Amino acid sequence: MSLKVNGLCKQINQEQTLDQISFEVQLGQIVGVIGRNGVGKTTLFRTINGQYLADQGHITIDGEALLSQPNLRTQLSFVDPQANFFRGATAQQVAWYYQAAYPDFDQDKFTQLLARYHLAKNQKLRHFSKGMFGLFTIILSVATNAPYLFLDEPLDGLDVIVRKNVLSILIDEAATQKRAIMIASHNLSELEGIIDRALMLKKGRLIHDYQLETMRSQARKLQLVYRDKQIPSLLREQGHIVSVSGRVIVVVFEDFTLALQTALTATKPVFQETLPLSLTDLFMANLTDAGDYELLS
Ligand SMILES: Nc1ncnc2c1ncn2[C@@H]1O[C@H](COP(=O)(O)OP(=O)(O)OP(=O)(O)O)[C@@H](O)[C@H]1O
């Protein structure tokens, strides 16, 4: 089973918020959606889930178009954390709405997870703390048993112990191979621990679809030291400079090859060391712009 997004476009206030976004997600995968503030991550989730109408493009599940088959909506679950229309209802009352919408809603799972995280079924959502509400939306999503879960900043406001528990719930759900989970998050280090793939958005476009395992074997983060302060042009042309401190340059090469190493050696660094590469490095390498460098330096 797979969910396919093809050429999705959405304009908001004359801005091209989503621009020709295409990707496919298979059951069993956990996919991160990353990008800077305001780049369109939430808009992408809202558009896939039918809260916003796409201007162009289509979404299919196993080849069937979502738009022409409204019953396929039960295959998707997106609890928009900003939706506050249920705040006067209790946790259980909200679950009843979801039971009506999702034929496979698992009331036992819902009850068990609420109890495990000490959330009271009869408490009104408006009386939940921010973290409790965030946790509730995740539990609700998981309990729908929808194959495709969309979570927007699911770790926001959760304490470190709950965050770890939530991550393990999500890993278990994906491991059943009955669920694919897409997570939009700025919490890159925690995200990196559980995702298989990362979709990177920039200016409304999908600029990278990283398979994390492949990325780790192909990319390289190097610390290089040169005798003078002149930065060899090869570094800018073939890599992303992450930081410059005096004569010490940290650079990420996304496609590191033997030929590139030979070319690097020819630039005569006095020192070269490989550093561990993280998702944060790729984020910084791709999404930092000139203005940010001024702020950072
Ligand atoms: N309903 C709306 N009305 C007006 N502008 C909107 C609306 N929804 C989204 N936008 C705009 O679309 C752009 C993308 O917003 P979106 O919330 O998708 O970004 P995001 O990547 O999720 O950001 P963040 O990381 O800060 O949560 C922003 O410029 C935002 O102001």
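None of these values were measured; they are calculated from a predicted model.

Rules used throughout
- Residues numbered from 1 in each chain as written.
- Predicted model: local features only at pLDDT ≥ 70, side-chain atom pairs only at ≥ 80, totals over all residues.
- Helix = DSSP H or I, 4+ residues; strand = E, 2+ residues; numbered from the N terminus.
- Buried ≥ 20, exposed ≤ 12 C-beta atoms within 10 Å, placed from the backbone.
- Contact = placed C-beta atoms within 7 Å.
- Axes fitted to C-alpha atoms, helices over the stretch in contact; angles between N-to-C directions.
- Parallel < 35°, antiparallel > 145°, perpendicular 65-115°, else oblique.
- Left-handed = near helix turned anticlockwise from the far one by under 90°.
- Nonpolar A, V, L, I, M, F, W, Y, C, P; charged D, E, K, R; others polar.
- Domains from an automatic or database assignment.
- Pairing = 2+ DSSP bridges.

**Focus on the overall build of the chain**
Each helix and strand counted, the chain has 11 helices and 14 strands in total. The principal-axis extents of the C-alpha atoms in the chain amount to approximately 70 × 40 × 35 Å. A buried classification covers 33% of the 297 residues belonging to the chain. Expressed as a percentage of contacts within the chain between residues at least 6 apart in sequence, the contacts between residues at least 24 apart total 71%.

**What to know about unusual backbone geometry**
Phi at Asn13 is positive, roughly 50 degrees, even though this residue is not glycine. Summarising the element assignment, Asn13 is placed in the loop between β1 (2-12) and β2 (15-26). Its 5 C-beta neighbours within 10 Å are what place Asn13 among the exposed residues. Phi is positive for His118, close to 55 degrees, though the residue is something other than glycine. Classification of His118 by C-beta neighbours within 10 Å gives exposed; the count is 9.

**Focus on the packing of helix α3 (residues 107-116) against helix α4 (residues 130-143)**
The contact between α3 and α4 brings their axes to 9 Å, and the two run at 155 degrees. The angle between α3 and α4 falls in the class roughly antiparallel. The interaxial crossing formed by α3 with α4 has right-handed handedness. Where α3 abuts α4, its residues Lys109, Phe110, Leu113 and Leu114 lie against Ile139, Val142 and Ala143. A class-by-class count of the residues in the contact of α3 with α4 yields six nonpolar, no polar and one charged.

**Overview of the domain arrangement of the chain**
Splitting the chain by domain gives domain 1 (2-213) and domain 2 (215-296). Placing a centre on the C-alpha atoms of domain 1 and another on those of domain 2 gives a separation of 34 Å. Of all the secondary structure elements, the ones that give two or more residues to the side of domain 1 that touches domain 2 are α6 (188-192), β9 (197-202), β10 (205-211) and α7 (212-218). Its residues placed into classes, the side of domain 1 that touches domain 2 shows eight nonpolar, four polar and four charged.

**Observations concerning the packing of α4 against helix α5 (residues 160-175)**
The N-to-C vectors of α4 and α5 enclose an angle of 10 degrees; their axes lie 12 Å apart at closest approach. Taken together, α4 and α5 sit at an angle that is classed as roughly parallel. Judged by residue contacts, Gly131, Leu135, Ile138 and Val142 of α4 engage Val162, Val166, Ile169 and Glu173 from α5. Across the contact of α4 with α5, the residue classes tally to six nonpolar, one polar and one charged.

**Quick notes on the sheet that holds strand β11 (residues 220-225)**
Judged by pairing direction, the sheet is antiparallel, and its four strands sit side by side in the order β12-β13-β11-β14 without closing on themselves. At either margin of the open sheet sits one strand with a lone partner, and together these are β12 (240-245) and β14 (271-275). Sheet twist, expressed as the average angle between the axes of neighbouring strands with direction ignored, equals 20 degrees. Bridge count for β12 against strand β13 (residues 248-253) is five bridges, and the pairing is antiparallel. Bridged to Ser245 within β13 is Val248. Along the sheet face, helix α10 (residues 279-287) touches β11, β12 and β13 and points at about 95 degrees away from the line of β12.

**Digging into the pairing of strand β8 (residues 180-184)**
Two faces belong to every sheet, and in a regular strand the side chains alternate between them. Of all five residues that make up β8, five are buried, and the element is covered over most of its length. Here β8 shows a buried face lined by Ala180, Met182 and Ala184 and a second buried face lined by Ile181 and Ile183. Taken together, the four bridges between strand β3 (residues 30-34) and β8 define a ladder with parallel strand orientation. The residue bridging Val31 from the neighbouring strand is Met182, located in β8.

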